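One-letter residues, chain by chain:
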Amino acid sequence: MIRKIITYPNPILKKQSSDIINFDESLWGLLDDMFETMKSRDGIGLASIQIAKPWSVFMINLVDEEGLQKDENLVEYVNPKILSSSGTTTYQEGCLSVPGFYEDIKRADKIEVEYFNRFGEKQFENLDGLGAIAFQHEFDHLQGKLFIEKLSFLKRKKFEKEWKKQLKNKKF
Ligand code: Y12
Ligand code: CO
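Small disclaimer: the values here were computed from a predicted structure and weren't measured.

What counts as what
Residues numbered from 1 in each chain as written. Chains lettered and ligands numbered in written order. Predicted model: local features only at pLDDT ≥ 70, side-chain atom pairs only at ≥ 80, totals over all residues. Heavy atoms only, no water. Helix = DSSP H or I, 4+ residues; strand = E, 2+ residues; numbered from the N terminus. Buried < 20%, exposed > 50% of the residue type's maximum accessible area, 1.4 Å probe, protein only. Contact = heavy atoms within 4.5 Å. Areas by Shrake-Rupley, 256 points an atom, 1.4 Å probe, with all protein chains shown as cover. 1 Å grid on protein atoms, 1.4 Å probe; cavity = no way out; pocket = protein on both sides within 12 Å on 5 of 7 lines; lining within 4 Å. Points joined across faces, edges and corners; volume = space filled by probe spheres on them. Pairing = 2+ DSSP bridges. Axes fitted to C-alpha atoms, helices over the stretch in contact; angles between N-to-C directions. Near = heavy atom within 4 Å. Polar contact = N/O pair within 3.5 Å; in protein donor to acceptor, adjacent residues only side chain to side chain. Sits in = over half its atoms within 2 Å of the grid points. Phe/Tyr/Trp six-rings, centres within 6.5 Å; stacked < 30°, edge-to-face > 60°.

Participant: What is the right way to read the overall build of the chain from this model?
Facilitator: Within the chain, the regular secondary structure consists of 3 helices and 7 strands. Going residue by residue from the N terminus, the α and β elements of the chain occur as α-β-β-β-β-β-β-β-α-α. In terms of principal-axis extent, the alpha carbons of the chain reach across some 45 × 40 × 35 Å. A buried classification covers 42% of the 172 residues belonging to the chain. Sequence-distant contacts in the chain: of pairs separated by 6 or more residues, those separated by 24 or more amount to 64%. As displayed, the chain offers around 9,700 Å² of accessible surface, 51% of which is attributable to carbon and sulfur atoms.

And the structure:
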């Protein structure tokens, strides 16, 4: 089922997400709904809190070398952790909870992560490039943080101004 994606400044987005204990049908149903919802909006990443469920879950579905977004490349991250990070990189990020706004954000370039898959099996991954950026963006959602909170004071002002203008035009 396609769920409603909550948008800034909904206070639910500030909530800390809680770890999954039972890897059962309620988790699988949530993950399936998240995938349907993310695809319906052309997203490449979505955290559970964005559909108002404060569970420690997100998913990433990057495009391949040919620029195609394939279902089989979806990765579901349950109870994820960042074990180590190195380097820095900057990328123009966007978020389905802040539609229509994109800004350069600095993050670690390489990360080593652990997580569980939907069946409760522990996984390890080394990520770089867009995978590392997307993971950190989604991981921040689990701590109740949006990418706009990483903006400089002036860029945040620019965002608030654009956001107000957009709300007036009732685009979203
Ligand atoms: C790099 C940077 C950020 C991420 C996090 C995942 N972000 C997204 O998937 C953003 C998707 C997005 C899609 C939009 O288009 C539609 O909704 C059709 C969009 O534009 C509007 O809403 C107007 C904004 C964001 C991963 C990797
Ligand atoms: Co986001």
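Next, the rest of the story.
Participant: Explanation requested: the layout of surface pockets in the structure shown.
Facilitator: Unoccupied space between atoms shows up once a probe the size of one water molecule is rolled over them. If you add up the space inside the largest pocket, you get close to 440 Å³. Along the wall of the largest pocket there are 22 residues; nearest its centre are Ile44, Glu93, Gly94, Cys95 and Leu96. Those elements giving two or more residues to the lining of the largest pocket turn out to be β4 (89–93) and α2 (129–142). It is α2 that provides the largest number of residues to the lining of the largest pocket, a total of 5 residues.

Participant: Even after reading the chapter, I still don't get the sheet that holds strand β1 (residues 45–47), so can you show me in this structure?
Facilitator: Hydrogen bonds between backbone atoms are what pair the strands of a sheet, whose relative direction is either parallel or antiparallel. Strand order in the open sheet formed by 5 strands is β1-β2-β3-β6-β7, and the pairing between neighbours is antiparallel. One side of each edge strand has no neighbouring strand; the edge strands of this open sheet are β1 and β7 (122–128). On average, each strand axis in the sheet is tilted by 35 degrees relative to the strand beside it, whichever way the strands run. The pairing of β1 with strand β2 (residues 57–60) spans 3 bridges and is antiparallel. Across the sheet, the residue bridging to Ala47 is Phe58, located in β2. Most of the contacts of helix α1 (residues 25–40) go to β2, to which it runs at about 40 degrees, and overall it touches β1, β2 and β3 (75–86). Across the sheet, α2 lies against β1, β2, β3, β6 (110–116) and β7, angled at about 155 degrees from β2, the strand it touches most.

Participant: Is there a simple way to think about the site of ligand 1 in this case?
Facilitator: Around ligand 1 lies a shell of 18 residues, among which Arg41, Ile44, Gly94, Pro99 and Tyr102 are the nearest. Take Ile44: an N or O atom from its main chain is 2.7 Å from an oxygen atom of ligand 1. The separation between an oxygen atom of ligand 1 and a polar main-chain atom of Gly45 is 3.3 Å. Against a free-state accessible area of 620 Å², the protein chains account for coverage of 81% of ligand 1. Taken atom by atom, the bulk of ligand 1 overlaps the largest pocket. Of all the elements in the fold, those that place two or more residues in the shell around ligand 1 are β4 and α2. Among the elements that make up the shell around ligand 1, the one with the highest residue count is α2 (5 residues).

Participant: Quick question: what am I supposed to make of the packing of aromatic side chains here?
Facilitator: For any two aromatic rings, the description comes down to two numbers: the centre-to-centre distance and the angle of the planes. Throughout the structure, instances matching the rule amount to 12 aromatic pairs. Ring centres 5.5 Å apart and planes at 35 degrees place the aromatic pair Phe159 and Trp163 in the tilted group. Highlighted residues: Phe159 and Trp163, both in helix α3 (residues 153–168), separated by 4 residues, approximately one helical turn. When its relative accessible area of 0% is taken as the criterion, Phe159 is described as buried. Each residue in the set Tyr8, Phe101, Phe147, Phe159 and Trp163 is aromatic and connected to the rest through ring pairs, giving one cluster.

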